[in-house]
Amino acid sequence: MAPLTVADHILFALFAFALPLLMIWRQESSQIVIPEDSDLKIRIYWTNSMVLWIGALIVVGLWFFYGRPFTAMGMRLPEASSFPHWMLLIAGFLLFYFADAMISWNSADEHPASAILPANWREFAHFGTVVSLSAGICEEIVFRGFIVNYLLVFTAGHEYSIQIAIMGSALVFGIVHAYQGGLALLKITLLSMLFAWLFVMTKSLLLLIALHFTIDFCSGMMAVIRKKEENALA
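Being a predicted model, the structure only gives us computed values, none of them experimental. (Residues numbered from 1 in each chain as written. Predicted model: local features only at pLDDT ≥ 70, side-chain atom pairs only at ≥ 80, totals over all residues. Heavy atoms only, no water.)

1. Focus on the overall build of the protein chain
Secondary structure assignment for the protein chain yields eight helices and zero strands. Helices and strands appear in the protein chain in the N-to-C order α-α-α-α-α-α-α-α. Overall, the protein chain is about 60 × 40 × 30 Å in size when its C-alpha atoms are taken along their principal axes. A buried classification covers 42% of the 234 residues belonging to the protein chain. Sequence-distant contacts in the protein chain: of pairs separated by 6 or more residues, those separated by 24 or more amount to 80%. Carbon and sulfur atoms provide 73% of the accessible area of the protein chain, an area that totals close to 12500 Å². (Helix = DSSP H or I, 4+ residues; strand = E, 2+ residues; numbered from the N terminus. Buried < 20%, exposed > 50% of the residue type's maximum accessible area, 1.4 Å probe, protein only. Contact = heavy atoms within 4.5 Å. Areas by Shrake-Rupley, 256 points an atom, 1.4 Å probe, with all protein chains shown as cover.)

Set out below in structure tokens:
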């Protein structure tokens with residue numbers, strides 16, 4: 001990715017500062033409203049996915065314009081030297097994720113953004129495909145492929161360059177998802193730290209895209225099943 005250009009600095013400022021501030025402002029002004037109407041919710045799925053693709057395509061366009069290899073972005077298989085460490089990290093994460101999912105399943109509490117999850121299979125048909133794929137591909141390109149790489153280059157030579165890149169990208173990703181509530185913010189930030197660490201270790205986005213998609217897909221499916229059970233007991 002080196003050397004950094006003015007376009008890189010502007011794009012980083014938009015993703016790392018303007019976008020989080022916008023999300024915080026929207027949350028504080030209660031502008032994030034999830035409709036109960038299925039058609040409107042599906043429309044939100046598609047609209048949000050389009051926004052994600054715009055951000056990702058801007059990054060891809062910048063990469064292409066400066067003739068940077070896409071392998072440097074992470075469009076490659078994991079480095080052989082990172083095996084089997086990344087498999088152990090993913091196995092530990094999946095155990096934690098599904099344990100947390102089971103605890104949440106049995107809890108009566110719902111996080112503030114639970115309404116955005118699909119409530120029926122019709123909504124899931126859009127969430128499990130369009131939303132999950134868009135988030136998996138686009139968010140990894142922006143937050144790991146671009147932001148982690150940017151911070152690694154920007155802090156090159158610093159003793160804690162890798163740690164800054166991991167923590168910085170995780171903090172931005174967490175704040176962007178702050179509308180989901182405090183506990184969710186903590187979990188998402190920790191998740192993003194793990195993803196950034198895996199990216200630095202493996203140099204691959206493909207692995208993270210697959211994992212990100214799986215998480216969102218499973219979350220949507222479990223939300224529908226839970227809603228069905230709640231309706232059956234009502």
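2. Considerations on the side chain of Ser134
Structurally, Ser134 can be placed in helix H5 (residues 121-154). A distance of 2.6 Å separates a polar atom in the side chain of Ser134 from the backbone oxygen of Val130. Excluding residues that lie within four positions of it along the chain, Ser134 makes contacts with Ser49, Leu52, Trp53, Thr129 and Glu139. (Polar contact = N/O pair within 3.5 Å; in protein donor to acceptor, adjacent residues only side chain to side chain.)

3. Things to note about the packing of aromatic side chains
Scanning the model with the defined rule gives 15 aromatic pairs in all. Their ring planes at 35° and their centres at 6.0 Å tell us that Phe146 and Tyr150 sit as a pair that is tilted. Residue Phe146 and its partner Tyr150 are both found in helix H5; the two are separated by four residues, about one turn of the helix. Classification of Phe146 by relative accessible area gives buried; the value is 0%. (Phe/Tyr/Trp six-rings, centres within 6.5 Å; stacked < 30°, edge-to-face > 60°.)

4. Re the nonpolar core
Side chains that are nonpolar tend, in soluble globular proteins, to be buried together. By size, the foremost hydrophobic cluster in this structure holds 47 residues, and its most contacted members are Val59, Phe146 and Ile147. Sorting the residues of this core by element identifies helix H1 (6-28), helix H2 (38-65), helix H4 (85-105), H5, helix H6 (161-176), helix H7 (182-202) and helix H8 (206-233) as the ones contributing at least two each. For this core, the element with the highest residue contribution is H5, accounting for nine residues. Aside from chain neighbours lying at most four places away, what touches Phe146 is Met1, Asp8, Leu11, Phe12, Phe15, Val59, Leu62, Trp63 and Ile141. (Core = buried A, V, L, I, M, F, W, Y, C linked by side-chain atoms within 4.5 Å.)

5. Comments concerning the packing of H7 against H8
Following both chains from N to C, one finds H7 and H8 inclined at 155°, their axes separated by 10 Å at the closest point. With respect to each other, H7 and H8 are oriented roughly antiparallel. Taken together, the residues of H8 that come into contact with H7 (itself represented by Leu191, Phe195, Leu198, Phe199 and Thr202) are Leu207, Leu208, Leu211, His212 and Ile215. Grouping the amino acids of the contact of H7 with H8 by side-chain chemistry returns eight nonpolar, two polar and no charged. (Axes fitted to C-alpha atoms, helices over the stretch in contact; angles between N-to-C directions. Parallel < 35°, antiparallel > 145°, perpendicular 65-115°, else oblique. Nonpolar A, V, L, I, M, F, W, Y, C, P; charged D, E, K, R; others polar.)

6. Observations regarding the confidence of the model for the protein chain
Scored by pLDDT, the protein chain comes out at a mean of 89, with 93% of its residues at no less than 70. Per-element confidence in the protein chain ranges from a low mean pLDDT of 83 for H4 to a high of 97 for H5. (pLDDT = per-residue confidence, 0-100.)

7. Describing the pattern of salt bridges
Applying the stated criterion across every chain, the model contains seven salt bridges. Note that Asp39 is salt-bridged to Arg122, the shortest N-O span being 2.5 Å. Placement of Asp39 in helix H2 and of Arg122 in helix H5 is noted, with a sequence separation of 83 residues between them. You can call Asp39 partly exposed: its relative accessible area is 40%. Of the charged contacts in the structure, one is a salt bridge between Glu140 and Arg144, with a shortest N-O distance of 2.7 Å. (Salt bridge = Lys/Arg side-chain N within 4 Å of Asp/Glu carboxyl O.)

8. With respect to a nonpolar patch on the surface
Taken together, the side chains of Val6, Ile10 and Leu14 make up a nonpolar region of the molecular surface, amounting to roughly 300 Å² of accessible area. Turning to its location among the elements, Ile10 is positioned in helix H1. (Patch = residues over 30% accessible without salt bridge, like charges linked within 9 Å, V, L, I, M, F, W, Y side chains within 5 Å.)

9. With respect to the packing of H4 against H7
Where H4 meets H7, the closest approach of the two axes is 11 Å, and the angle between their N-to-C directions is 165°. By the angle class used here, H4 and H7 are roughly antiparallel. In the crossing of H4 with H7, the sense of the turn from one axis to the other is left-handed. Contacts from His85, Trp86, Leu89, Ile90, Phe93, Asp100 and Ser104 in H4 reach Lys187, Leu191, Leu194, Trp197, Leu198, Met201 and Thr202 in H7. Residues belonging to the contact of H4 with H7 are distributed by class as follows: nine nonpolar, three polar and two charged. (Left-handed = near helix turned anticlockwise from the far one by under 90°.)

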